[in-house]
Amino acid sequence: MASENNKTLITITAVVLSGMLCFYGWKLHAVFISKANAQLEVVESLNRWSQQYLAMEDVKKNWESNFEPESKVKHISGLYDLIGFMKYGLQNDKDSISLSGLSQVMQQTQKDMPLGLTKICMTNGSLDSTAVIVGADNYSQLLNGIEKIANRKDIIIDNVTIQGDKNVPIARLGGFCIQVRN
Amino acid sequence: MDYQCLSASEDIEAFSEKKALVGGNLVFFSINREQTPPQGYVEQQSLNIQRTFTSRLRKKTDKLHVWLHPTLLTLKGKCKIALTIEVYLKWGLKREGLHALIGGVEDKSKNFLVDVLIFNKNKLVAIYDRELPGRESKRFESAAQSVCEEITRSYPGIDINISSPLSDWGQNNCDYIDGAPLTNLPFKNLITLNSQKKDFIVPGLISFAGVCLFGGFTWHGWQAYSDALHQYEITKQNPVILQQGGVDSYYINVMTQRRLMMEEVRKQDKFSSDIRQVLDGIRGIQDVHVVEVRVPGKALADQHSGSSEKQTEPDVSLSISTPKKNQSSVDQLKEIITNISSNSRYTIRSANPAWKDENDQRIFFLEGDLNGK
């Protein structure tokens, strides 16, 4: 038969036991939850990555349509064809064209990481050592041609100078380069 | 003696002691409930009738069930009690062999009950009570004798002991052991078995709640964790990830850089329209001819500080020619700038050097910011 003291003792024991169970249950719960969250973060990052990866498909297509592969350029003539001044109604002295520089294009934010492009610069060397010279029948044709060629993602032009005092409309395209993917 | 014996319900009301040894018809007992007490008797904790350790642990061993007279419970809280039957049983179980114990609370004038307990090999084998006339009655002697003879008849060769609070009956075949079983009487508070059960309800519920919460927390946590693991397993099967053989952050970085590079708005995209804008501004101004237009304009070295640091380049630099006039070059320049400004949407200013004469032509050097107006 339980005495009054025993009764109190049993109740206290029950409360303590219950409290401990609660406390450790809660702790265990917290451990599980934190493990679950860590796991979910991994899942989240995997999902994010695969979404990014899929989103990059468009970028890849864009990239491949904007930039020709390096393999297409075996010699300067091939390079010339790649630019195709004629397509834009521009005349250029093919015989005097020469390479003036070759470099790897680096990433904007990480300057030591290659972007995957080779930049090939050229000039109409004998006439002017810093520019490619293009001409057209009239100024309108000249400017339209320059506009189109300058809008190509693989073409870089630092500056354009229009000469108004020559017999035919002429423009000097300074720092003219073409980029091919490698 | 700091306690009093209590054996009749009519004595209870007047009872005022703190401790009582209770026997007689206030206590009803039965092995394994073979008999049930009169209405109203209150059940107590049952007693072991075998003196082995394991019997205490085993639930299904034989028990001596005990009930108390309801009136006795009016003493609850006022008085602690010990039961004669309990102490006799305890004493009897300790003794080896076959023996009997007669005990009870005597009354001088009234009939009273004696308890007879038969033990064999540390086990209670029989228990019953017999009513005797008052101790001072003439019939007592023979009645007592018949109680003893009844025992010897049933159990030949048995040792019979008579214990306090009975007095020595002086029977030949009985030993009087006085108060030997009554040392260290286990006085306890009066409780009913029901209330005793209730005592455990609250702590039981508290413990149960604790166990439930523990289980609930653990279960919930485990569910969350295994769900997350499951999701991870599913995600790992993503064809893109399988195809790439894992997460390749380098690829994403490079492609992001390429995207940014291709999305970048370049100055060269506007070169032609810039030139057109400049030419439109000059067209129609009399006697003015364009010699050269350059986008972006040439930046001049800062002449004042002499540093090699370039000034920001203007959007455009241009040179125009116009026939020399009978007019200072500064005035002529002012006029031309005013004309161009009114004709166009860009700001124009003289460059450095501002002009030069070439034969009959005067050439002005200008620079300007497009859309700057």
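Now for a description of the structure that goes with this document.

Calculation criteria
Residues numbered from 1 in each chain as written. Chains lettered and ligands numbered in written order. Predicted model: local features only at pLDDT ≥ 70, side-chain atom pairs only at ≥ 80, totals over all residues. Heavy atoms only, no water. Pairing = 2+ DSSP bridges. Helix = DSSP H or I, 4+ residues; strand = E, 2+ residues; numbered from the N terminus. Contact = heavy atoms within 4.5 Å. Axes fitted to C-alpha atoms, helices over the stretch in contact; angles between N-to-C directions. Buried area = accessible area lost by both parts, 1.4 Å probe. Salt bridge = Lys/Arg side-chain N within 4 Å of Asp/Glu carboxyl O. Nonpolar A, V, L, I, M, F, W, Y, C, P; charged D, E, K, R; others polar.

**Looking at the sheet that holds strand β4 (residues 155–156) of chain A**
Residue and element names in this part refer to chain A. The sheet built from 4 strands is open, its strands ordered β1-β2-β7-β4 with antiparallel pairing. Whereas interior strands pair on both sides, the edge strands pair on one side only; in this sheet they are β1 (97–106) and β4. As paired elements, strand β2 (residues 114–124) and strand β7 (residues 177–181) share 5 bridges and run antiparallel to each other. In the sheet register, Leu117 faces β7, and the bridge partner there is Arg181. Against the sheet, helix α2 (residues 76–83) contacts β1, β2, β4 and β7, and its axis sits at roughly 75° relative to β1.

**Focus: the interface of chain A and chain B**
Interface size is commonly expressed as the accessible area that is lost once the parts come together. Listed by partner, the interface residues are 68 residues for chain A and 65 residues for chain B. Interface area for chain A against chain B, summed over the two sides, is near 6,200 Å², with a carbon-plus-sulfur share of 67%. There are 1 salt bridge connecting chain A and chain B. With its nearest N and O atoms 3.1 Å apart, the salt bridge here joins Arg276 of chain B to Glu147 of chain A. Mapped onto the side of chain A that touches chain B, the elements with two or more residues apiece are α1 (4–66), β2, α3 (139–150), β4 and β5 (159–163) of chain A. For the side of chain A that touches chain B, the element with the most residues is α1 of chain A, which contributes 36 residues. Class assignment for the residues of the side of chain A that touches chain B results in 37 nonpolar, 21 polar and 10 charged.

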